[in-house]
Amino acid sequence: MTTSARPAPHAAPAAAPAPADVLDATQRALRAEHAAVYGYGVVGGRIGEDRRKEAREGHDAHRARRDALHRRVRDLGGEPEPSAAAYALPFPVPDADAAARLAAELEDRVAGVYADLVRAATGDTRREAAGALREAAVRAVRWRGGSVAFPGLAERPAPAGSPGPATGGASEL
Amino acid sequence: MPPTTPPRAPAGPRRRSLLAGVPALFAAAPAAALATACSDGDAAAEAARARADRRLRARSARDSRALLERYDATLAAHPGLAGLLTPLRAETDRHVRAFTERGEGGEGGASGDTGRDGEPRGTREPPGSPDGPRPEPSAGGPSGSPGTAGVPAERDAALAALARAERRAADARTRALVTADPELARLLASVAAAGAAHAYLLTEAA
């Protein structure tokens, strides 16, 4: 694992590459899962005892998805993007409430990349991406306590004033 | 097919940050739009795909309307559940609009006309459609009020019935999206995910 904050550039695929869009969308999903794995580490460090098991399950689930995406990128002829050594958090996480909010935010963002991967992919890859989106949406609701109308669709945000998260993020976090 | 949504471009200088939006390096052109040199065969295939897309949108809209009616009927039978059900119903309404927003969902567009006014639904598919969450018959009551027929009298059972309907719809959409056109597949995946989240909340509350 590199110590620099910049990810290693991924090499161009060699023979018979997948269409650029599905490989690219898969890399983005992998990138988001790297961030989620890191973020859940922070969540686990701050979350209350009552939700520790849930945090661990989320952490494990995202690791598994990360590993699957890693393999998938290889299968598509790409070089899997590595994790960064560390990530800047979107907001301070001093306590259990903030940790739960971070977990919800992580799931929202993961949902976004999987929605895009559904669009870019076909067959099994699409099916898996839809399943991952579904899981992320349910986890987000568990962490946040309320639902949103269109998990993963940044162009369809929750109405202003609703309990949904502020997605649609041009926000540099 | 609509153009892809604008990329979530990072605001300031690019930092390696946890949840930065990633610029779209590609335009995710829906497969349907990639046909260039059209032969008659290509044009026919393209037309068939457009028809299939419209049908799937229409079916999805119908399924969401059926869920909407279930929510209304359950709210009528169990007003004490309004705190939980009203936001879920509002999201379901948005789903209907999303499937109908290009006027291709049939039945006259957005769901201003739910079962509340008892309007007959002449364009419904016959009962027994394989994967819709069909409400029990007569869920739409006489003019002026939604019926409560078909909603279990007991609160927890009513919630469980709604959760089951949401889950069935989510499963159906998950199956349908695999072969749908790309943009519709993405929308279906999101709505299926929302439905699964609804089912979770409804089950937790029961």
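This is a predicted model, so every value here is computed, not measured.

So, the overall build of chain B
For step 1, the next point in the chain: Counting its regular elements, chain B contains four helices and zero strands.
For step 2, the next point in the chain: Secondary structure elements of chain B occur, N-terminal to C-terminal, as α-α-α-α.
For step 3, the next point in the chain: Every one of the 206 residues in chain B was classed for burial, and the buried ones make up 49%.
For step 4, the next point in the chain: For chain B, the proportion of contacts with a sequence separation of at least 24, taken over those separated by at least 6, is 73%.
For step 5, the next point in the chain: Looking at chain B as shown, the accessible area adds up to about 9300 Å², and 57% of this sits on carbon and sulfur atoms.

Side note on the environment of B:A199
All names here are of chain B.
For step 1, the next point in the chain: In this structure, A199 sits in helix 4 (residues 182-205).
For step 2, the next point in the chain: For A199, a relative accessible area of 2% puts it in the buried group.
For step 3, the next point in the chain: Spatially, the C-alpha atom of A199 lies 9.1 Å from that of L159, the residues being 40 residues apart in sequence.

Points about the UniProt feature "domain: DUF4439" (unreviewed entry) in chain A
For step 1, the next point in the chain: Those places that UniProt annotates as "domain: DUF4439" (unreviewed entry) correspond, in this numbering, to residues 25-155 of chain A.
For step 2, the next point in the chain: In residues 25-155 of chain A, the share of helix is 71% and the share of strand is 0%. The end C-alpha atoms are 17 Å apart.

Let's talk about the packing of aromatic side chains
What characterises a pair of aromatic rings is the spacing of the ring centres plus the angle enclosed by the ring planes.
Residue and element names in this part refer to chain A.
For step 1, the next point in the chain: Under the defined criterion, the tally for this structure stands at two aromatic pairs over all chains.
For step 2, the next point in the chain: Between Y38 and Y87 the ring centres are 5.3 Å apart and the planes differ by 55 degrees, which places this aromatic pair in the tilted class. With Y38 in helix 1 (residues 20-46) and Y87 in the loop between helix 2 (52-75) and helix 3 (96-120), this residue pair connects regions lying 49 residues apart in the sequence.
For step 3, the next point in the chain: With a relative accessible area of 6%, Y87 lands in the buried category.
For step 4, the next point in the chain: Relative to W143, the ring of Y40 lies with its centre 6.5 Å away and its plane at 55 degrees, an arrangement referred to as tilted. Placement of Y40 in helix 1 and of W143 in helix 4 (residues 123-144) is noted, with a sequence separation of 103 residues between them.
For step 5, the next point in the chain: One cation-aromatic arrangement involves R156 over F150; the distance from NZ or CZ to the ring centre is 5.1 Å.

Here's the deal with helix 2 of chain A
For step 1, the next point in the chain: Its 24 residues place the ends of helix 2 of chain A 35 Å apart at the C-alpha level, agreeing with the 34 Å of an ideal helix rising 1.5 Å per residue.
For step 2, the next point in the chain: Residues of helix 2 of chain A that are buried: A:E54, A:A55, A:G58, A:H59, A:A61, A:H62, A:L69 and A:V73.

A few points about the nonpolar core
If you look at soluble globular proteins, the nonpolar side chains tend to sit buried side by side.
For step 1, the next point in the chain: Grouped together as the largest cluster of nonpolar side chains are 43 residues, with contacts concentrated most on A:Y114, A:L117, B:L177 and B:L187.
For step 2, the next point in the chain: At eight residues, helix 3 of chain A tops the list of elements feeding residues into this core.
For step 3, the next point in the chain: When sequence neighbours within four positions are dropped, the list of residues in contact with B:L187 reads A:F150, A:L153, A:R156, B:R57, B:A98 and B:F99.
For step 4, the next point in the chain: Counting 13 residues, the second largest nonpolar core, distinct from the first, contains A:A55, A:A98, A:L102 and A:A104.

Focus on the confidence of the model for chain A
For step 1, the next point in the chain: Residues of chain A with pLDDT of at least 70 account for 81%, and the chain-wide mean is 85.
For step 2, the next point in the chain: Contacts of residues 1-17 of chain A to residues separated by more than four positions or lying in other chains number 21 contacts, the stretch itself having pLDDT below 50.

Describing the environment of B:D93
All names here are of chain B.
For step 1, the next point in the chain: Relative to the helices and strands, D93 is located in helix 2 (residues 82-100).
For step 2, the next point in the chain: Of the residues examined, D93 reaches a relative accessible area of 11% and is grouped as buried.
For step 3, the next point in the chain: In this structure the C-alpha to C-alpha distance between D93 and A61, which are 32 residues apart in sequence, comes to 9.7 Å.

Re the side chain of B:E91
For step 1, the next point in the chain: For B:E91, the position within the fold is in helix 2.
For step 2, the next point in the chain: B:R94 is the oppositely charged side chain nearest to the buried, salt-bridge-free B:E91, at an N-O distance of 6.9 Å.
For step 3, the next point in the chain: Once residues lying within four places of it in the same chain are set aside, the contact partners of B:E91 are A:S147, A:V148, A:A149 and B:H198.

Let's talk about the confidence of the model for chain B
All names here are of chain B.
For step 1, the next point in the chain: Of the residues in chain B, 59% have a pLDDT of 70 or more, and the chain-wide mean is 76.
For step 2, the next point in the chain: Scored below 50 in pLDDT, residues 103-132 makes 54 contacts in the model with residues more than four places away or belonging to other chains.
For step 3, the next point in the chain: Every residue in residues 135-144 is under pLDDT 50, and counting partners more than four places away or in other chains gives 16 contacts.
For step 4, the next point in the chain: Two summary scores accompany this predicted model of the complex, namely pTM at 0.74 and ipTM at 0.83.

With respect to the pattern of salt bridges
For step 1, the next point in the chain: Applying the stated criterion to the full structure yields 26 salt bridges over all chains.
For step 2, the next point in the chain: Ionic pairing is found between A:D116 and B:R186, a salt bridge with its closest N-O pair at 3.1 Å. In this pair, A:D116 sits in helix 3 while B:R186 sits in helix 4, so the two residues belong to two different chains.
For step 3, the next point in the chain: Measuring nitrogen to oxygen at the nearest pair gives 2.5 Å for the salt bridge that ties B:R89 to B:D72. Taken as a pair, B:R89 in helix 2 and B:D72 in helix 1 (residues 40-77) lie far apart in primary sequence, 17 residues in all. In this structure, B:R89 and B:D72 share a single accessibility class: buried.
For step 4, the next point in the chain: The network of salt bridges with shared partners includes A:D116, A:R119, A:E155, B:E183 and B:R186.

Basis of the calculations
Residues numbered from 1 in each chain as written. Chains lettered and ligands numbered in written order. Predicted model: local features only at pLDDT ≥ 70, side-chain atom pairs only at ≥ 80, totals over all residues. Heavy atoms only, no water. Helix = DSSP H or I, 4+ residues; strand = E, 2+ residues; numbered from the N terminus. Buried < 20%, exposed > 50% of the residue type's maximum accessible area, 1.4 Å probe, protein only. Contact = heavy atoms within 4.5 Å. Areas by Shrake-Rupley, 256 points an atom, 1.4 Å probe, with all protein chains shown as cover. UniProt positions renumbered as here; feature names shortened; annotations may be inferred. Phe/Tyr/Trp six-rings, centres within 6.5 Å; stacked < 30°, edge-to-face > 60°. Lys NZ or Arg CZ within 6 Å of the ring centre and 35° of its normal. Expected span 1.5 Å × (residues − 1). Core = buried A, V, L, I, M, F, W, Y, C linked by side-chain atoms within 4.5 Å. pLDDT = per-residue confidence, 0-100. Lys, Arg positive; Asp, Glu negative; His and termini not counted. Salt bridge = Lys/Arg side-chain N within 4 Å of Asp/Glu carboxyl O.

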